[in-house]
Amino acid sequence: TVVTVHCAGNVVNTYYDFVKGIDDRKADDRTLVDHILSQDEVVTLGVLLYGAGCLGFVCLVYLSPARLEHLALVFFGGLSSSFLYTGGFGLKYIALGDVLVLVIFGPISVLFSYMAQTGQYEWATIFYAIPLALNTEAILHSNNTRDAESDKRVGIVTLAILIGRTGSYILYGVLLFTPYVIFVVLGMKYSVLFLLPMVTFKQAFALERQFRNESTMQMVPRQTAKLNLFFGILYVVACFGAPQLPFITRK
């Protein structure tokens, strides 16, 4: 259910970035730029994905021990936010996209998943979403930093534009390295398995150097996404293998 809504949000982003003239020949998303799909096909795909998400929600209403009103509040809040990221008000275009990604495509998704499976809402689950949410936000921020000049030309505002190149570099470093600090603390205090994602630490330093260099900046968003993949897999393995999950109440 979460994955289909997330995918639908990405499809909406593809459509509106192209319609607003943000995606051009240099864009990473080639779906509409290279005419892989038509605009109508992208719209249809978005509708189908949102429909699949709603169908999954209906199934959860019958299968989940969680209260309907709790499930509905989080689900429809997340669904509407995934659309408003670029559709409707287009929060991405008024420097609010970073905040939305940090909140919706991380903590809220994990909270919803935990609630659907256990029937309880446990706010501590949000803590477990933070490392991967920060790492994911690093992808978006590096992309916005790289495209700052072209975004200015089409009249949109992103956080990268507002804080400038130096501020963007500092923020990227915070987003990239803060998760590793969290893992060191967890690994030292609870289980050495939480140190597994540290395997990717060397790659993170390489990305930091690439971000500083204008000539290598072009590939940083894609390389950060690759880091995110391995980082996320190792994090999930650590959570599965840890003898206990700190802050999670067992009942």
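Details of the structure are given in the entry above.
The rules we used
Residues numbered from 1 in each chain as written. Predicted model: local features only at pLDDT ≥ 70, side-chain atom pairs only at ≥ 80, totals over all residues. Heavy atoms only, no water. Core = buried A, V, L, I, M, F, W, Y, C linked by side-chain atoms within 4.5 Å. Buried < 20%, exposed > 50% of the residue type's maximum accessible area, 1.4 Å probe, protein only. Helix = DSSP H or I, 4+ residues; strand = E, 2+ residues; numbered from the N terminus. Contact = heavy atoms within 4.5 Å. Axes fitted to C-alpha atoms, helices over the stretch in contact; angles between N-to-C directions. Parallel < 35°, antiparallel > 145°, perpendicular 65-115°, else oblique. Left-handed = near helix turned anticlockwise from the far one by under 90°. Nonpolar A, V, L, I, M, F, W, Y, C, P; charged D, E, K, R; others polar. Disulfide = S-S within 2.5 Å. Salt bridge = Lys/Arg side-chain N within 4 Å of Asp/Glu carboxyl O. Phe/Tyr/Trp six-rings, centres within 6.5 Å; stacked < 30°, edge-to-face > 60°.

(A) A look at the nonpolar core. Of all hydrophobic cores here, the largest spans 20 residues; its most connected members are Y172, L176, Y180, A204 and L227. Elements that contribute at least two residues to this core include exactly α5 (125–146), α7 (159–189), α8 (201–212) and α9 (220–241). In terms of residue count, the dominant contributor to this core is α7 (6 residues). Residues in contact with L227, not counting those within four places in the same chain, are N135, L176, Y180, T200, Q203, A204 and L207. Core analysis: the next-biggest nonpolar cluster, separate from the first, contains 19 residues, V5, L49, L111 and A116 among them.

(B) Fine view of the packing of α5 against α7. Relative to each other, α5 and α7 sit at 155 degrees, their axes nearing to 9 Å. In terms of orientation, α5 and α7 fall into the roughly antiparallel class. In this structure, the crossing between α5 and α7 has a hand that is left-handed. When grouped by side-chain class, the residues that make up the contact of α5 with α7 number 15 nonpolar, 7 polar and 2 charged.

(C) Spatial organisation of the side chain of T200. On the secondary structure map, T200 appears in the loop between α7 and α8. Beyond its immediate stretch of four places on either side in the chain, T200 contacts Y180, L227, F230, F231 and L234.

(D) Local environment of the state of the cysteines. Using the criterion set out here, one finds 0 disulfides in the structure. Looking at C54, it has no disulfide partner, and the nearest cysteine sulfur is the one in C59, 11 Å off.

(E) Examining the pattern of salt bridges more closely. Here the structure, examined in full by the defined rule, presents 6 salt bridges. Here E208 ties to R212 by a salt bridge, and the two come within 2.8 Å at their closest N and O atoms. Of the two residues, E208 and R212 both sit in helix α8, 4 residues apart, roughly one turn of that helix. According to the relative accessible area criterion, E208 is buried, its value standing at 10%.

(F) Layout of the packing of aromatic side chains. Tallied over the entire structure, the rule returns 17 aromatic pairs. Here Y121 and W123 contribute two aromatic rings whose centre-to-centre distance is 5.8 Å and whose plane-to-plane angle is 70 degrees, an arrangement assigned as edge-to-face. Exposure remark for Y121: the relative accessible area of 45% places this residue in the partly exposed category. The class of W123 is exposed, set by a relative accessible area of 55%. Ring centres 5.4 Å apart and planes at 50 degrees place the aromatic pair F183 and F231 in the tilted group. In this pair, F183 is assigned in helix α7 and F231 in helix α9, connecting sequence segments 48 residues apart. One aromatic cluster is present, formed by F177, Y180, F183, F201, F205, F231 and Y235 through successive ring pairs.

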